[in-house]
Amino acid sequence: MRFDTVVIGGGQAGLSAGYHLARDGRRFVILDAHERIGDSWRRHWDSLRLFSPARYDGLPGMRFPAPPGSFPTRDEMADYLEAYARRFDLPVRCGTRVDRLSQEDGEFVVTAGGERFEAANVVVASGVWGVPRVPAFAGELSPEICQMHSSEYRNPSQLRPGPVLVVGASHSGADIAYEVAREHPTILSGTDTGEIPFYFESRVASVALRVLWFAATRVLTVNRSVGRKLREEVRGHGGPLIRVKKEDLRKAGVERVVDKTTGVRDGMPVLADGRVLDVANVVWCTGFRPDYGWIDLPVTGEDGYPEQERGVTPVPGLYFVGLPFLHSFSSMLVGGAGRDAEYVVRHLARRAPEVSAAGLTTLGMDHQAHGNLTEARRLYQRALRTLDR
């Protein structure tokens, strides 16, 4: 099957790209490995809530259906993505896991099992994170210890009776440690990453979050030195504590140790200071590493991430969206997906212009109501140029 554009990944970034591709009249398809739209969110731990309020969680053309100051749950976000794809009739093919992306005779070739898709353009939106990162010595832990990565954690019922060691003290580690401490003696190990100095549900947050969102979209970008520095921190070490603070951990009875977990002795984890921890469970909140080995094209740099500028790669026609800090801090947030996707599709359109009446009416735009298709296209492109990106 041949398309103008193939989008790989049907999460918020892929759906945002689909919205703009449809608006530009492209013949495209979105390939997603999950069986249901939104499943990437449904696989997070049960109690997860977004860190950004609903006013910042909408995708292009559809606000998030919740009070603006509320914080959506995992399942609410998943259901929203499903409703979004349905509202705009986006061509998502679920249960289609891409095995390889290559080029033949100047065309991109995407293979998924026994299926083959050819396209002039490919937008990779396969997720913010890649493969779970777990230290090699994890395999030396006693088989009596229940261990799992944070991507596998759902709730405390998965754990065995007894103490829990949570390795990695970024916000996900703090959230999980706080939750399991209700039922287990808990140790949180890892470097102090700092914390946001206010509670997101507090009265001051309504003002502070507006300032933070402006910073996340306009100040903390790769065009500024402060943004480039933060990108390395986020990609390499994780972010600060957000919802659960240090004082919350203390009150919950979590033992906080800033020493890293560095090895194993007699089947038990060992801290950098030599202390052996007698625990029954280990939850690795140690992040992810990028994995683009399935892309048979020269796109990754020394750090394993694609070489790109605002999603545009050195390979003509190949784009990325949804990367951590693709252009700004907001790139890895739901509310930032639309802006990055819009920029990528605008670049794609300039590279290979194509528009159709069907593409506009897919999103409810009757071009005859605007006079004619050419005028509708002209007005749309002029509106895009006025946006400060």
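Values in this document were obtained by computation on a predicted structure and should not be read as measured data.

### Description of the overall build of the protein chain
- Counting its secondary structure elements, the protein chain contains ten helices and 16 strands.
- For 389 residues, the compact-globule estimate of 2.2 N^0.38 gives 21 Å, and the C-alpha radius of gyration of the protein chain, at 22 Å, lies within 12% of that figure.
- Along the first, second and third principal axes, the C-alpha set of the protein chain runs to 70 × 50 × 40 Å.
- Every one of the 389 residues in the protein chain was classed for burial, and the buried ones make up 54%.
- Of the roughly 17900 Å² of accessible surface on the protein chain, 51% is carried by carbon and sulfur atoms.

### Overview of the nonpolar core
- By size, the foremost hydrophobic cluster in this structure holds 59 residues, and its most contacted members are Leu 15 and Tyr 84.
- Of all the elements in the fold, those that place two or more residues in this core are helix H1 (12-23), strand E2 (28-31), helix H3 (74-87), strand E8 (146-149), strand E9 (164-167), helix H4 (171-180) and helix H8 (334-351).
- Examining the composition of this core, we find that seven residues originate from one element, H3, more than from any other.
- Those residues within four positions of Tyr 84 in sequence are excluded, and the remaining contacts are Leu 15, Tyr 19, Leu 59, Pro 60, Met 62 and Leu 90.
- Listed in part, the 24 residues of the second largest apolar core include Leu 31, Phe 117, Tyr 292 and Leu 297.

### What about the packing of aromatic side chains?
- Scanning the entire structure with this criterion turns up twelve aromatic pairs.
- Here Phe 3 and Phe 117 contribute two aromatic rings whose centre-to-centre distance is 6.4 Å and whose plane-to-plane angle is 35°, an arrangement assigned as tilted. Note that Phe 3 is positioned in strand E1 (residues 2-8) and Phe 117 in strand E6 (residues 115-124), a separation of 114 residues in sequence.
- Judged by relative accessible area, which is 10%, Phe 3 ranks as buried.
- By relative accessible area, Phe 117 is classed as buried at 0%.
- Ring centres 4.9 Å apart and planes at 35° place the aromatic pair Phe 64 and Tyr 80 in the tilted group. Taken together, the positions of Phe 64 in the loop between helix H2 (39-42) and H3 and Tyr 80 in helix H3 put the pair 16 residues apart, joining distant regions of the chain. Just as Phe 64 is buried, Tyr 80 falls in that class too.
- Through a chain of ring-to-ring contacts, three or more aromatic side chains come together here, namely Tyr 19, Phe 64, Tyr 80, Tyr 84 and Phe 88.
- Cation over ring: Arg 27 sits above Phe 3, and NZ or CZ is 4.6 Å from the ring centre.

### Remarks on the pattern of salt bridges
- Tallying each qualifying case throughout the model produces 20 salt bridges.
- We note a salt bridge from Arg 42 to Asp 79, for which the minimum N-O separation is 3.1 Å. Placement of the pair is Arg 42 in helix H2 and Asp 79 in helix H3, with a sequence separation of 37 residues.
- By relative accessible area, Arg 42 is classed as buried at 16%.
- For Asp 79, a relative accessible area of 38% gives the class partly exposed.
- For Arg 49, the salt bridge identified is with Glu 201, shortest N-O distance 3.3 Å. In this pair, Arg 49 is assigned in the loop between H2 and H3 and Glu 201 in the loop between strand E10 (186-189) and helix H5 (205-219), connecting sequence segments 152 residues apart.
- Relative accessible area serves as the criterion here: at 32%, Arg 49 is assigned to the partly exposed category.

### Re the packing of H1 against H3
- The contact between H1 and H3 brings their axes to 11 Å, and the two run at 15°. In terms of orientation, H1 and H3 fall into the roughly parallel class. As for the relative orientation of H1 and H3, their crossing is left-handed in sense. Between H1 and H3, the contacting residues are Gln 12, Leu 15 and Tyr 19 on the first element and Leu 81, Tyr 84 and Ala 85 on the second.
- Looking at side-chain class alone, the contact of H1 with H3 contains five nonpolar, one polar and no charged residues.

### Focus on helix H6 (residues 225-237)
- Over its 13 residues, H6 runs 18 Å from end to end, which matches the ideal 18 Å to within 8%, given 1.5 Å per residue.
- Taken together, the buried positions of H6 are Gly 227, Arg 231, Val 234 and Arg 235. Down the axis of H6, the buried set is contained in an arc of 90°. They therefore lie on one face. More than 90 degrees from the buried face of H6, the exposed residues found are Ser 225, Lys 229 and His 237.
- Just past H6, the residue Gly 238 takes up positive phi, approximately 90°.

### Things to note about H3
- Here H3 is 14 residues long and its end C-alpha atoms lie 20 Å apart, about the 20 Å a rise of 1.5 Å per residue gives.
- Among the residues of H3, those classed as buried are Arg 74, Met 77, Ala 78, Tyr 80, Leu 81, Glu 82, Ala 83, Tyr 84 and Ala 85.
- Where H3 is buried, its residues meet H1, H2, strand E3 (92-93) and H8.
- Where H3 ends, the next residue or the one after it, Asp 89, has phi of about 50°, a positive value.

### Considering the packing of H1 against H8
- The interhelical angle for the contact between H1 and H8, taken along N-to-C directions, is 45°, at an axis separation of 8 Å. The angle between the axes of H1 and H8 places the two elements in the oblique class. For H1 against H8, the interelement crossing comes out right-handed. Residue-level inspection shows Gln 12, Ala 13, Ser 16, Ala 17, His 20 and Leu 21 of H1 in contact with H8, the latter providing Val 334, Ala 337, Gly 338, Ala 341, Glu 342, Val 345 and Leu 348.
- In terms of residue class, the contact of H1 with H8 is built from eight nonpolar, four polar and one charged.

Thresholds applied
Residues numbered from 1 in each chain as written. Predicted model: local features only at pLDDT ≥ 70, side-chain atom pairs only at ≥ 80, totals over all residues. Heavy atoms only, no water. Helix = DSSP H or I, 4+ residues; strand = E, 2+ residues; numbered from the N terminus. Rg over C-alpha atoms; globule rule 2.2 N^0.38 Å. Buried < 20%, exposed > 50% of the residue type's maximum accessible area, 1.4 Å probe, protein only. Areas by Shrake-Rupley, 256 points an atom, 1.4 Å probe, with all protein chains shown as cover. Core = buried A, V, L, I, M, F, W, Y, C linked by side-chain atoms within 4.5 Å. Contact = heavy atoms within 4.5 Å. Phe/Tyr/Trp six-rings, centres within 6.5 Å; stacked < 30°, edge-to-face > 60°. Lys NZ or Arg CZ within 6 Å of the ring centre and 35° of its normal. Salt bridge = Lys/Arg side-chain N within 4 Å of Asp/Glu carboxyl O. Axes fitted to C-alpha atoms, helices over the stretch in contact; angles between N-to-C directions. Parallel < 35°, antiparallel > 145°, perpendicular 65-115°, else oblique. Left-handed = near helix turned anticlockwise from the far one by under 90°. Nonpolar A, V, L, I, M, F, W, Y, C, P; charged D, E, K, R; others polar. Expected span 1.5 Å × (residues − 1). Arc of directions from axis to C-beta.

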